[in-house]
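# Structural overview
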Amino acid sequence: MSVTSVTHLNFRGDARAALEFYHSVFGGDLAVVSYGDAGDTRNPAESDQVMWGQVAADSGFRVMAYDVPSQLPWDRGVNSFFVSLRGGTTQEVAAYWEKLSVGATVVQPLEPARWAPLYGMLEDRYGVVWVLDVVSEYNG
């Protein structure tokens, strides 16, 4: 089993520009899925904003980013990042979730999502926000 952790940057409308900038600096592959691409158009004005994006360079550099939807709170100095923990199996991710969730505040329960067999978000007892998901069945 292996697990990777990646810094996940949170923006309000600037995720695509930030990802393009990091791609220009570090090279590698740039992947971007907009809310419109994913069929998540709760706010049509935000359909071109980034729901999921990533830069993955051969050097090992990795960063993920998205645009926090307007219906969710966002403050650049308060919740501008979280840690993305990605595992290869549902059992592995569920085991990490169980341990990280002790004393945590669950933001999104660990459950199946359209893009992954398991996805969840929590703020641990130290105030660090974690997103956990299974990558073996990812399309991107």
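Above this text you will find the structure in question.
Residues numbered from 1 in each chain as written. Predicted model: local features only at pLDDT ≥ 70, side-chain atom pairs only at ≥ 80, totals over all residues. Heavy atoms only, no water.

## Regarding the sheet that holds strand S7 (residues 116-123)
To be explicit about the condition: Whether two strands pair depends on DSSP finding at least two bridges between them. To qualify as a helix, a DSSP run of H or I must reach at least 4 residues; to qualify as a strand, a run of E must reach at least 2; elements of each kind are numbered from the N terminus. Here, axes are lines fitted to C-alpha atoms. For helices the fit covers the stretch in contact, and angles between N-to-C directions go from 0 to 180 degrees.
If you trace the 8 strands from one edge of the open sheet to the other, you get S2-S3-S4-S1-S5-S8-S7-S6, paired in mixed fashion. Strands at the two margins of the open sheet, each flanked by one partner only, are strand S2 (29-34) and strand S6 (105-113). For this sheet, the mean angle separating the axes of adjacent strands, direction not counted, is 20°. Note that S7 and strand S8 (residues 129-134) share 5 bridges and pair antiparallel. When the bridges of S8 are listed, Glu123 appears paired with Val129.

## Observations concerning empty space enclosed by the protein
Rule in force here: With a 1 Å grid laid over protein atoms only, a set of points is called a cavity when a 1.4 Å probe fits there but cannot get out and a pocket when it is open yet has protein on both sides within 12 Å along at least five of seven lines; lining residues have an atom within 4 Å of a point. Grid points are joined across faces, edges and corners, and a volume is the space filled by probe spheres set on the points. Classification used: nonpolar for Ala, Val, Leu, Ile, Met, Phe, Trp, Tyr, Cys and Pro, charged for Asp, Glu, Lys and Arg, polar for all others including Gly.
Scanning all chains against the criterion turns up 1 cavity of 30 Å³ or more. In this structure, the largest cavity encloses a volume near 70 Å³. Among the residues making up the lining of the largest cavity, the classes are represented as 2 nonpolar, 4 polar and 3 charged.

## Things to note about the packing of aromatic side chains
What counts, and what does not: Pairing of aromatic rings covers Phe, Tyr and the six-membered ring of Trp, with a centre-to-centre limit of 6.5 Å; geometry is then stacked below 30 degrees between planes, edge-to-face above 60, and tilted otherwise. For each residue, the accessible area found with a 1.4 Å probe, counting protein chains only, is set against the maximum for its type, and the residue is called buried under 20%, exposed over 50%, and partly exposed in between.
By the definition in use, this model includes 4 aromatic pairs. Both rings, one in Trp115 and one in Tyr119, keep their centres 5.1 Å apart while their planes meet at 75°; by these two values the pair is edge-to-face. You can call Tyr119 buried: its relative accessible area is 18%.

## Structural notes on the side chain of Ser84
Short version of the rule: In what follows, a contact means two residues having at least one pair of non-hydrogen atoms within 4.5 Å.
In this structure, Ser84 sits in strand S5 (residues 81-87). For Ser84, a relative accessible area of 1% translates into the label buried. The residues touching Ser84, leaving out its near neighbours within four places in the chain, are Thr4, Ser5, Val6, His8, Met64 and Val131.

## Quick word on helix H2 (residues 90-100)
Under the convention used in this document: The arc in question is traced by the directions running from the helix axis to the C-beta atoms.
Here H2 has its buried residues at Glu92, Val93 and Trp97. Burial along H2 is one-sided: seen end-on, the buried residues are contained in an arc of 135°. Exposed and oriented more than 90 degrees from the buried face of H2 are Gln91, Glu98 and Lys99. In this fold, the buried residues of H2 make contact with strand S1 (3-11), S5, S6, S7 and S8.

Keep in mind these numbers describe shape, not what the thing actually does.
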